[in-house]
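The primary structure of each chain is shown beneath.
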Amino acid sequence: MRIPTLFVALAGLSGCVVHSEAVAPPPAAAVTEAKAPVTILIGVDGARPDYLSPAIAPNLSRLAADGVSASMQPSFPTKTFPNFWTIATGVRPDKSGIVGNRMEDAARPGETFTMDSDDPFWWNTAKPIWLAAEEGGVRSATLFWPGSEVAWGGTGKADHGVYAGGRHASDWQAFNQAITAEQRVDGVIDWLRRPAATRPRFVTVYFDDVDVAGHDHGPGAPETLAAMTRVDAAIGRLQRDLSALGQPANLVVVADHGMAAIATDRVIPFDRIAPAGSYRLIETGPYAAVEPMPGQQAALAAALAEPQQHMQCWPKAQVPARLRYGTNPRAPSFLCLAEIGWMIAPTAPTRPVTGGAHGYDNAAPDMQALFVAGGPAFRSGVTLPPFRNIAIHPLLRRMLGLPADPSLDGDDGMAGRALR
Ligand SMILES: [Zn+2]
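Keep in mind the model is a prediction, meaning the values are calculated, not measured.

Quick word on the pattern of salt bridges
Moving on, step 1. Throughout the structure, instances matching the rule amount to 19 salt bridges.
Moving on, step 2. Of the charged contacts in the structure, one is a salt bridge between R48 and D366, with a shortest N-O distance of 3.1 Å. A residue pair is termed long-range when its members are at least 10 positions apart, and R48 in the loop between strand 1 (38-44) and helix 2 (58-66) and D366 in the loop between strand 16 (356-357) and strand 17 (369-374) qualify at 318 residues.
Moving on, step 3. D366 gets classed as partly exposed once you look at its relative accessible area, which sits at 28%.

Points about the packing of helix 6 (residues 181-192) against helix 8 (residues 222-245)
Moving on, step 1. Between helix 6 and helix 8, the shortest axis-to-axis distance is 9 Å and the interhelical angle comes to 20 degrees. Comparing the axis directions of helix 6 and helix 8 gives the class roughly parallel. Judged by the twist between their axes, the crossing of helix 6 over helix 8 is right-handed. In contact with A181, E182, V185, D186, V188, I189 and L192 of helix 6, helix 8 contributes A234, R237, L238, D241, L242 and L245.
Moving on, step 2. Its residues assigned to classes, the contact of helix 6 with helix 8 comprises nine nonpolar, no polar and four charged.

Some thoughts on the sheet that holds strand 12 (residues 287-292)
Moving on, step 1. What the four strands build is an open sheet, ordered 11-12-14-13; its pairing is antiparallel. Two strands close off the open sheet at either side, each with one partner strand: strand 11 (279-283) and strand 13 (311-315). Within the sheet, the average angular offset between the axes of one strand and its neighbour, ignoring direction, is 25 degrees.
Moving on, step 2. Where strand 13 and strand 14 (residues 334-338) come together, five bridges link them in antiparallel fashion. Looking at strand 14, one finds that C313 is bridged to C336.

Definitions and limits used
- Residues numbered from 1 in each chain as written.
- Predicted model: local features only at pLDDT ≥ 70, side-chain atom pairs only at ≥ 80, totals over all residues.
- Heavy atoms only, no water.
- Salt bridge = Lys/Arg side-chain N within 4 Å of Asp/Glu carboxyl O.
- Helix = DSSP H or I, 4+ residues; strand = E, 2+ residues; numbered from the N terminus.
- Buried < 20%, exposed > 50% of the residue type's maximum accessible area, 1.4 Å probe, protein only.
- Axes fitted to C-alpha atoms, helices over the stretch in contact; angles between N-to-C directions.
- Parallel < 35°, antiparallel > 145°, perpendicular 65-115°, else oblique.
- Left-handed = near helix turned anticlockwise from the far one by under 90°.
- Contact = heavy atoms within 4.5 Å.
- Nonpolar A, V, L, I, M, F, W, Y, C, P; charged D, E, K, R; others polar.
- Pairing = 2+ DSSP bridges.

Limitation: the analysis is restricted to geometry and does not speak to function.
Next up, the structure:
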């Protein structure tokens, strides 16, 4: 075994006390370069806190036992882009400007934001953690995260996809769903093999499998739990590869939202609620984002003011304060929110409605999100009280040595309870 010899040579070079050869050989890690911990933010789309069990997610359960875990409250609406962007930026959707997976803006008439929109116009209001980190001298890398492909801060029309002045993390990848969870882990490890000068100290990685299965099969279905087990295995492999590299790491594992079961007999056809020709539907599902047709504001408002079964509708100015939604110009003129498990559809369904959905009230138990974190920065074996997902960005700032930003939506006191 060559390691003890190498250790003696290194110890001699660095002027340390050279142990006598009779002393037991040091662990392998002692001979490697002393590396600063890397912070890895891991997004598991659609993972509920109740998926955290040793039978379903053994690696994450161990991480929780050695670290911290909680049920994390998403922001409204409980959709993917609004919440992963809130996690990245520390501000709620109504403030970040990513108010839905689909939305419009009067400043861009005729355009609709979708999950393919990488025009920084939609994203520039709130700064993501990977750019805050870069500004603070922390090299960052994103292996997928909603918004990470955006040339943030860029302006003007795209010139071959380039927006003037736009920035990404030092390393980033365009989203490709065909890249498997295992390949995503390989990509992160490849970055961390680099020499210190080009090695990232903050990394994001994102897994979509659990959300896809949850939509298709429903929360808690065997297929959905199997997807959770696959993602858990990928995270376990990440941990083993980090350990083999001698790379200490703080892992922060977050979900964007939970998942609720839906059914054919729990559908609200919107065409039975409001007069034909009085509205346009921007989004439907657990909630409907509704715009009046020209001249139809009063007619639509009157129809939606009637009491509805299994849903509530409000003009944007009257959305309940607890949802913290409706002040952004991009928030729809009217919001209709279904009871948990109910779906708002343009018309009565012609095919069976099965599986799962999300987008409901962010206080609903089914919408709560997984949070697990571990590593040298974290306390051990602590179950935290529930907190809001606006707390993640401030937590990451603290872990990365960045100054607190009082302009954000607050930290719920979570970092103080989670960190050593
Ligand atoms: Zn989803």
